[in-house]
Amino acid sequence: MYEITCDVAVVGGGPAGLAAAVAAKKEGAKDVLIIERDSALGGILQQCIHPGFGLTYYNEELTGPEYAGRFEEEAVKEGVKALLNSMVLEVDPEEGNILCVNSAYGMTKVKAKAVVLAMGCRERTRANIMIPGTRPAGVYTAGTAQRLINRQNEIVGKTMVILGSGDIGMIMARRMTLEGAKVVAVVEIMDYLAGLTRNKVQCLDDFGIPLKLSHTVTRIQGNERVEGVWVAEVDENKIPIPETEEYIPCDTLLLSVGLIPENELTRAAQIEVSPITNGPTVNQFMQTSFPAVFACGNVVHVNDLVDNVTVESMKAGAGAARYALGTLPDTENSVTVATGENVRYTCPQRIVQGEGTDKVRLYFRVLRPDQNVIIRAVSKGKVLAKRKAVRVNPGEMEHLEVHPEEIADGEITVEVVKEA
Ligand SMILES: Cc1cc2nc3c(=O)[nH]c(=O)nc-3n(C[C@H](O)[C@H](O)[C@H](O)COP(=O)(O)OP(=O)(O)OC[C@H]3O[C@@H](n4cnc5c(N)ncnc54)[C@H](O)[C@@H]3O)c2cc1C
């Protein structure tokens, strides 16, 4: 079997994997290898030709390919190697052995001192949400439709309904309109927007596309091709109200109903996975439950902004390099971050205290929308960090910074409470 050895191996060459690889090199790792199943680096950004990337990291508005291109150039400059067309099949978290199949070398073994998982996520499909009705052509995930139009110049339909107000759905509502299609409605089962407010303004409001909150698609109609969909309002338990059902003629239904982190490799390796994020649990070095394995990007938790992915992934790459070089502080003992009032999860979930630890940025999402709140981290009654927020929304990631040394008796809670 073909064999490669390296200090740090990164699984996945999207923005997370690229940033991790660059950071690993800058931290002093000698050989850094990205293993990517696609024929090019850049991950999902290759098909995101709209602007909106890099606003905080570069203070510039870039398209997805431009943002990925900058990191690719940096990776080349730093001497990062890439094994393309290579599907990773197995990760041994104790030994750092990675088994992949490569189109040129066949089965290939990569032996690394530290591994970074950066496999991204995939879209939920019609099967995942079980929409009743017939099985005609014309039902696509929004990301598939995006890939077809932006990379293959194929438009998937003329009149469409979009189910789900996630960012991909809203961005595709605008894209399809610009391509001449009619987007009749964006339908959202929750009573609030799933994606970023900026995308609602720029992609729906600016184009007069109606958003139907607290509504869902109850049935798909059509034999060969979609002829229309039935849409109904839902009650507070998300159950469709029969008398509100209406028929919308259309030839296409696009689904933007959530993303699933690609953690088949993680689970098979027995790495601890959070039931909330469906990604590996990590400490502030983005180190998983196995010391030699780090993780970053959408495989850890679904991110709306690539800039946040970059910041986290650089920590993962630097952490992996330090592990490989033997300079990472002892991370065996850590404090678990508790989720308090209106906090769904935090990332990292664990904080290591002691020598060599620095300020930690805790990313988190709220459970439900709210207004005029205080976001804070509390330890034994002492407020470690806090800020006011005019509004919070599950679709928008929040963050706070805390210093590990300020955490008392291993107790820290992040909470979002009403302003007194
Ligand atoms: C449609 C869409 C629009 C977006 N718009 C914006 C925006 O306007 N602004 C913004 O800031 N952010 C935006 N984002 C978010 C941002 O692009 C993502 O958060 C970011 O791309 C995630 O990066 P990643 O590297 O974790 O995942 P990905 O980009 O998905 O990369 C994962 C990589 O891993 C590879 N891989 C997976 N499994 C394996 C395996 N077993 N073996 C080898 N390789 C593997 C994949 O092929 C892929 O290349 C958008 C995202 C989407 C999907």
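Cut-offs used in this document
- Residues numbered from 1 in each chain as written.
- Predicted model: local features only at pLDDT ≥ 70, side-chain atom pairs only at ≥ 80, totals over all residues.
- Helix = DSSP H or I, 4+ residues; strand = E, 2+ residues; numbered from the N terminus.
- Rg over C-alpha atoms; globule rule 2.2 N^0.38 Å.
- Buried ≥ 20, exposed ≤ 12 C-beta atoms within 10 Å, placed from the backbone.
- Contact = placed C-beta atoms within 7 Å.
- Pairing = 2+ DSSP bridges.
- Axes fitted to C-alpha atoms, helices over the stretch in contact; angles between N-to-C directions.

Chemist: Talk me through the overall build of the protein chain; I want residue IDs and the actual numbers.
Modeler: The helix and strand tally for the protein chain stands at 8 helices and 27 strands. Radius of gyration (C-alpha) of the protein chain: 22 Å, near the 22 Å computed for a compact globule of 420 residues. Principal-axis analysis of the C-alpha atoms places the extent of the protein chain at approximately 65 × 60 × 40 Å. Of all 420 residues assigned to the protein chain, the portion counted as buried reaches 47%. Taking the contacts inside the protein chain whose residues are at least 6 apart along the sequence as the reference set, 66% of them involve residues at least 24 apart.

Chemist: Tell me about the sheet that holds strand E26 (residues 398–402), and name the residues and values.
Modeler: Sheets are built from strands paired through backbone hydrogen bonds, the pairs being either parallel or antiparallel. Within the open sheet, the 3 strands sit side by side as E21-E23-E26. Their pairing is antiparallel. Of all strands in the sheet, those with a lone pairing partner are strand E21 (345–347) and E26, marking the two edges. Strand-to-strand twist of the sheet, defined as the mean angle between neighbouring strand axes without regard to direction, takes the value 30°. One ladder, built from 5 bridges, connects strand E23 (residues 360–365) with E26; its direction is antiparallel. Within E26, the residue paired with Arg361 across the bridge is Glu401.

Chemist: So what about the environment of Gly17? Which residues, and what values?
Modeler: Residue placement: Gly17 occurs in helix H1 (residues 15–26). Taking the C-alpha atoms as reference points, Gly17 and Cys296, 279 residues apart in sequence, are found 7.6 Å from one another. Non-local contacts of Gly17, meaning those with residues more than four positions away in its chain, are made with Val10, Gly12, Ile34 and Ala118.

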